Amino acid sequence: MFTIRKATTEDCALIRKLAQQVFPLTYRDILTPEQTDYMMDWMYSEANILRQMHEGHVYLLAYEECEAAGYVSVRPDGKDLFHLEKIYVLPYFQGAHCGSFLFRQAIRYIKEVHPAPCRMELNVNRHNEHALRFYRRMGMTQAREGDFPIGNGYYMNDYIMAMDI
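The model shown is predicted, which means the values in this text are computed figures rather than measured ones. Within any chain, residue numbers begin from 1 and follow the written order of that chain's sequence. Reporting in this predicted model follows two pLDDT cut-offs: at least 70 for local features of residues, and 80 or more for side-chain atom pairs to be given and counted; totals over whole chains, interfaces and linings ignore these cut-offs and use all residues. Hydrogens and water are ignored here; the side-chain numbers use all heavy atoms of the structure.

Student: What is the right way to read the packing of aromatic side chains from this model?
Tutor: Each aromatic ring pair is described using two quantities: the centre-to-centre distance and the angle formed by the ring planes. Here a Phe, Tyr or Trp ring, Trp counted by its six-membered ring, pairs with any other such ring whose centre lies within 6.5 Å, and the pair is stacked when the planes are under 30 degrees apart, edge-to-face when over 60, and tilted otherwise. For the structure shown, the criterion picks out 13 aromatic pairs. Ring centres of F23 and Y27 lie 4.7 Å apart, and the angle between their planes is 45°; this geometry places the pair in the tilted category. Taken together, the positions of F23 and Y27, both in helix α1 (residues 12-27) and 4 residues apart, correspond to about one turn of that helix. Accessibility here uses a 1.4 Å probe with only protein chains present; expressed as a share of the type maximum, an area under 20% marks a residue as buried, one over 50% as exposed, and anything in between as partly exposed. The exposure class of F23 is buried, given its relative accessible area of 1%. Exposure remark for Y27: the relative accessible area of 11% places this residue in the buried category. One aromatic cluster is present, formed by F23, Y27, Y44, Y59, Y71 and Y88 through successive ring pairs. A run of DSSP states H or I qualifies as a helix once it reaches four residues; a run of E qualifies as a strand once it reaches two. Both are numbered from the N-terminal end.

Student: When you look at the layout of surface pockets in this model, what are you seeing that I'm missing?
Tutor: Both cavities and pockets are sets of points on a 1 Å grid over the protein atoms alone; in a cavity a 1.4 Å probe fits but cannot get out, in a pocket the set is open with protein on both sides within 12 Å along at least five of seven lines, and lining residues sit with an atom within 4 Å of a point. Grid points are joined across faces, edges and corners, and a volume is the space filled by probe spheres set on the points. The calculated volume of the largest pocket comes to roughly 1300 Å³. In this structure, the largest pocket is lined by 50 residues; those nearest its centre are Y27, K86, I87, Y88 and Y135. Sort the elements by how many residues they give to the lining of the largest pocket and strand β4 (residues 81-89) lands first, with 7 residues. The residue inventory of the lining of the largest pocket, partitioned by class, reads 27 nonpolar, 14 polar and 9 charged. Think of it as three bins: nonpolar holds Ala, Val, Leu, Ile, Met, Phe, Trp, Tyr, Cys and Pro, charged holds Asp, Glu, Lys and Arg, and polar takes everything else, Gly as well.

Student: So what exactly am I meant to see when it comes to helix α4 (residues 98-113) here?
Tutor: Residue pairs spaced three or four apart in an α-helix point in one direction, given the helix's 3.6 residues per turn. Compared with an ideal rise of 1.5 Å per residue, which puts 16 residues at 22 Å, α4 spans 23 Å between its outermost C-alpha atoms and is within 8% of the ideal. Here α4 has its buried residues at C98, G99, S100, F101, L102, F103, Q105, A106, I107, Y109 and I110. A helix is expected to reach a length of 1.5 Å times the quantity of its residues less one.

Student: Quick question: what am I supposed to make of the nonpolar core here?
Tutor: Nonpolar cores were defined as sets of buried Ala, Val, Leu, Ile, Met, Phe, Trp, Tyr and Cys residues, with membership established by side-chain atoms within 4.5 Å. Core analysis: the biggest nonpolar cluster contains 59 residues, and F23, Y44, Y71, L84, F103, M120 and Y135 have the highest contact counts within it. With 8 residues, α4 is the single largest residue contributor to this core.

Student: Any chance you could explain the environment of E46 here in plain terms?
Tutor: Along the polypeptide, E46 turns up in helix α3 (residues 46-54). The contact criterion used is simple: two residues touch if any of their non-hydrogen atoms lie within 4.5 Å. With residues up to four places along the chain from it excluded, the contact list for E46 reads C12, A13 and R16.

Student: Explanation requested: the packing of α1 against α3 in the structure shown.
Tutor: The relative placement of two packed helices is expressed as an angle between their axes plus a distance between the axes. One way to put it is that α1 packs onto α3 with a least axis distance of 9 Å and a crossing angle of 115°. As for the relative orientation of α1 and α3, their crossing is right-handed in sense. Along its contact with α1, which presents C12, A13, I15 and R16, the element α3 presents E46, I49, L50 and M53. Per-class residue counts for the contact of α1 with α3 are 6 nonpolar, no polar and 2 charged. Between N-to-C directions, angles cover 0 to 180 degrees, with each direction set by a line fitted to C-alpha atoms, over the stretch in contact for helices. With the far helix as reference, a near helix turned anticlockwise by less than a right angle produces a left-handed crossing, and one turned clockwise produces a right-handed crossing.

Student: Can you walk me through the environment of M163 in this structure?
Tutor: Position of M163 among the secondary structure elements: in strand β7 (residues 154-164). Here M163 falls in the buried class, since its relative accessible area comes to 14%. Not counting chain neighbours up to four residues away, the residues in contact with M163 comprise F103, I107, C118, R119, M120, M138, G139 and M140.

Student: I tried to follow the side chain of D11 on my own but got confused; where do I start?
Tutor: As for its position among the elements, D11 is in the loop between β1 (2-6) and α1. Here a polar contact is recorded for every N or O atom pair within 3.5 Å, except that within protein the pair must consist of a potential hydrogen donor and a potential acceptor, and residues adjacent in sequence are included only if both atoms are side-chain atoms. In terms of polar contacts, D11 uses its side chain to reach the backbone amide nitrogen of T8, at 2.8 Å. Contact partners of D11, with chain neighbours within four places excluded, come to R5 and L61.

Student: Please explain the side chain of Q35 as it appears in this structure.
Tutor: Checked against the element boundaries, Q35 lands in helix α2 (residues 33-44). Among the polar contacts made by the side chain of Q35, one reaches the main-chain carbonyl oxygen of Y155 at a distance of 3.1 Å. Beyond its immediate sequence surroundings of up to four residues, Q35 is in contact with I150, Y154 and Y155.

This is the structure in structure tokens:
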């Protein structure tokens, strides 16, 4: 059974460590090693995680007993809109419903801080079939798509998935 806790700025190193174990593995067949390295620094250096927290990103950490199993990040993105930024589960815990647990916890958190009806969106790589199936199973639908420059000549080629909550 998973438990959840809101991350603090003291958890930046833990979040980075989890990302190092999940992100490259998730994208090994989709991104070049160079883009993966770039994105790891861009999104998951401790300084950038701390900056994200100061900008309103909230990280929720899932635990199985005392072991961190994964995380989700959400942030407000306008009136009645939230963005699910990241949801990653360590390989050992994949298949144990940790991802759906984190997804539901993100929705619960959004409802706590914004009781009025709102929308949650997320970007998902168009070539990440596993993630696309997961988000569809969780009730999200494809709202639009885009190619978003992230620097160094790289792009995120994403679908934007959405659901009303």
